Amino acid sequence: MVLDDLGSSLRGTLDTLRGKSRISEEDVDKVVKEIQRSLLQADVDVDLVMDLSESITERSLEEEPPGGTSARDHVLRIVYEELVGLVGDSTPIPLEEQTIMLAGLQGSGKTTTAAKMAWWFSKKGLRPAIVQTDTFRPGAYEQAAEMADRAEVDFYGEPDSDDPVQIARDGLAATADADVHIVDTAGRHALEDDLIAEIEEIEGVVEPDRSLLVLDAAIGQGAKQQARQFDASVGIDGVAITKLDGTAKGGGSLTAVNETDSTIAFLGSGETVQDIERFEPDSFISRLLGMGDLKQLTERVERAMEETQDDDEDWDPEDLMKGEFTLHDMQKQMQAMDNMGPLDQVMDMIPGMGGGLMDELPDDAMDVTQERMRGFEVIMDSMTEAEMADPRSVGASQIRRIARGSGQPEDRVRELLDQHKMMAQTMQQFQGMGDGDMQRMMSKMQQQGGGGGGGFGGMF
Ligand SMILES: Nc1nc2c(ncn2[C@@H]2O[C@H](COP(=O)(O)OP(=O)(O)OP(=O)(O)O)[C@@H](O)[C@H]2O)c(=O)[nH]1
Ligand SMILES: [Mg+2]
């Protein structure tokens, strides 16, 4: 993903500062070179990279690190702040009634982003509607209708019309009950005059509260030009960057935004309607630098726990913090993990588990893990109530029976029992910990650059 390389290479360089309390010019030089290399490779504009290098060097050498801060943390904080400054603020998206128009070149991801945003707004409790004005691309109506269906939101389009402006007018009237109107527009290969004329006309009818430019992360330096032209014609209030899950470098799109005085509103990282997040500069950069994104992770865990709890009213995550950790608890944890979304995305948010570490795993490691989890699930289905509550009682003959019943190898059953034992031990350590202990443990995990032992982090 975008600037992926930066986190791991920079961590390596910063690690050479470990243990030092003062930082030399040579040290700073090394760090800055590493940053320059990554940013340029990621297609970030040269002038911007030079500006950034200069500030990082200056600040690292001149600013006095707050008492007790190591040289490494001092530089890391400066790099973090400068990078947050580089990507800029997030486009404000108030949670209220509004009309948003999407613009962008052909294939940039407008229609997908319209559905994703609609899904996002609906999760925030607003009622969104998508108005599809694309009469240019064959199948545009069907594609948008299907995506709206998947996002479970209102939709308006006219498959046989060739007048986008009329569709926009009719669409807004037909979806008047919705709180948020998202108007999707047609794309073209390049910014041709007729596209500009068309979108200006649609804008005149729609009178959007904000217009967002949809940019493919692969666009590179071309992003700057596009952002300027769209801004000149309809006025761009913010950018949605798509396809960040791909191999694209993304630096061009990220920084085009900086140069056109625009800001980023959303990030798209997949083809399903859920693959969207609000752009939050600090959590974005934290993740980039492998510092993890505790805020997002906590929110996701909480949501997943709630969903899991909704499925089973007898189970309360708080129980994990007291008493015996049974296989039932482990099963619930696995369901919660499932509710949290793809494992690799979750891992990316855990301090020390992000970026670099995941890259070092073979590509199919994640699939294997998901497969193991599936295996564990069917094994647990084959266990008796008593065995679930007291897994220590499970002996060789039960293992044979469970393996046969679940169609899983006996080794997999033993693996499950081992995994449970490890998690139970970790849970015991967590139990009776105060907040301070918890924080100390988190920061220890961060320093070690690994997931502390048990939990699902220990599954690798
Ligand atoms: N992997 C990935 N694919 C995406 C993402 N966003 C869009 N796509 C894919 O990119 C292709 C083009 O997306 P669309 O949403 O149709 O793009 P568009 O801008 O509406 O295209 P036109 O209407 O033809 O201008 C589709 O195959 C999408 O599934 C993303 O974030 N990640
Ligand atoms: Mg489209």
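Our subject is the structure that appears above.
From a predicted model like this one, the values you see are computed outputs, not experimental measurements.

A. Representation of the pattern of salt bridges. Here the structure, examined in full by the defined rule, presents 16 salt bridges. Linking Lys-33 and Asp-29 is a salt bridge whose minimum nitrogen-to-oxygen distance equals 3.2 Å. With a gap of 4 residues between them, Lys-33 and Asp-29 both fall in helix α2 (residues 25–41), about one helical turn apart. Residue classification places Asp-29 among the partly exposed positions, given a relative accessible area of 41%. We note a salt bridge from Arg-414 to Glu-410, for which the minimum N-O separation is 3.2 Å. Residue Arg-414 and its partner Glu-410 are located together in helix α19 (residues 410–430), separated by 4 residues, close to a single helical turn.

B. Spatial organisation of the pairing of strand β4 (residues 180–184). The buried fraction of β4 is high, at 5 of 5 residues. What you see with β4 is no split at all: Val-180, Ile-182 and Asp-184 on one side and His-181 and Val-183 on the other are buried throughout. Note that strand β2 (residues 128–132) and β4 share 5 bridges and pair parallel. In the sheet register, Ala-129 faces β4, and the bridge partner there is His-181.

C. Main features of a nonpolar patch on the surface. A cluster of nonpolar side chains, namely Leu-40, Val-46 and Met-50, defines an oily patch on the protein surface of about 240 Å² accessible area. You can see Leu-40 is positioned in helix α2.

D. A look at the site of ligand 1. Near ligand 1 lie 20 residues; those nearest to it are Lys-110, Thr-111, Thr-112, Arg-137 and Asp-245. At 3.2 Å from an oxygen atom of ligand 1 is found a main-chain nitrogen or oxygen belonging to Ser-108. Between Lys-110 and ligand 1, the recorded distance is 2.7 Å, taken from a side-chain N or O atom to an oxygen atom. Protein coverage of the free-state accessible area of ligand 1, which is 650 Å², stands at 84%.

E. Summary view of the environment of Gly-104. Tracing the backbone shows Gly-104 in the loop between β1 (98–103) and α5 (110–123). It is 9.1 Å that separates the C-alpha atoms of Gly-104 and Asp-216, two residues lying 112 residues apart in sequence. Dropping the residues within four chain positions of it, Gly-104 is found in contact with Lys-110, Ala-186, Gly-187, Leu-213, Val-214 and Phe-230.

F. A look at the sheet that holds strand β8 (residues 276–278). The strand order β3-β2-β4-β1-β5-β6-β7-β8 describes an open sheet built from 8 strands, whose pairing is mixed. Here the strands that pair on one side only, and so sit at the sheet edges, are β3 (154–156) and β8. Across this sheet, the average inter-strand angle for adjacent strands is 25°, counted without regard to direction. Inspection of the sheet shows strand β6 (residues 238–242) paired to strand β7 (residues 264–268) by 3 bridges, in the parallel sense. For Val-239, the partnering residue across the bridge sits in β7 and is Ile-264. Those strands touched by helix α7 (residues 164–174) are β2, β3 and β4, and its axis lies near 160° from that of β2.

Reading the values: the criteria
Residues numbered from 1 in each chain as written. Chains lettered and ligands numbered in written order. Predicted model: local features only at pLDDT ≥ 70, side-chain atom pairs only at ≥ 80, totals over all residues. Heavy atoms only, no water. Salt bridge = Lys/Arg side-chain N within 4 Å of Asp/Glu carboxyl O. Helix = DSSP H or I, 4+ residues; strand = E, 2+ residues; numbered from the N terminus. Buried < 20%, exposed > 50% of the residue type's maximum accessible area, 1.4 Å probe, protein only. Pairing = 2+ DSSP bridges. Patch = residues over 30% accessible without salt bridge, like charges linked within 9 Å, V, L, I, M, F, W, Y side chains within 5 Å. Areas by Shrake-Rupley, 256 points an atom, 1.4 Å probe, with all protein chains shown as cover. Near = heavy atom within 4 Å. Polar contact = N/O pair within 3.5 Å; in protein donor to acceptor, adjacent residues only side chain to side chain. Contact = heavy atoms within 4.5 Å. Axes fitted to C-alpha atoms, helices over the stretch in contact; angles between N-to-C directions.

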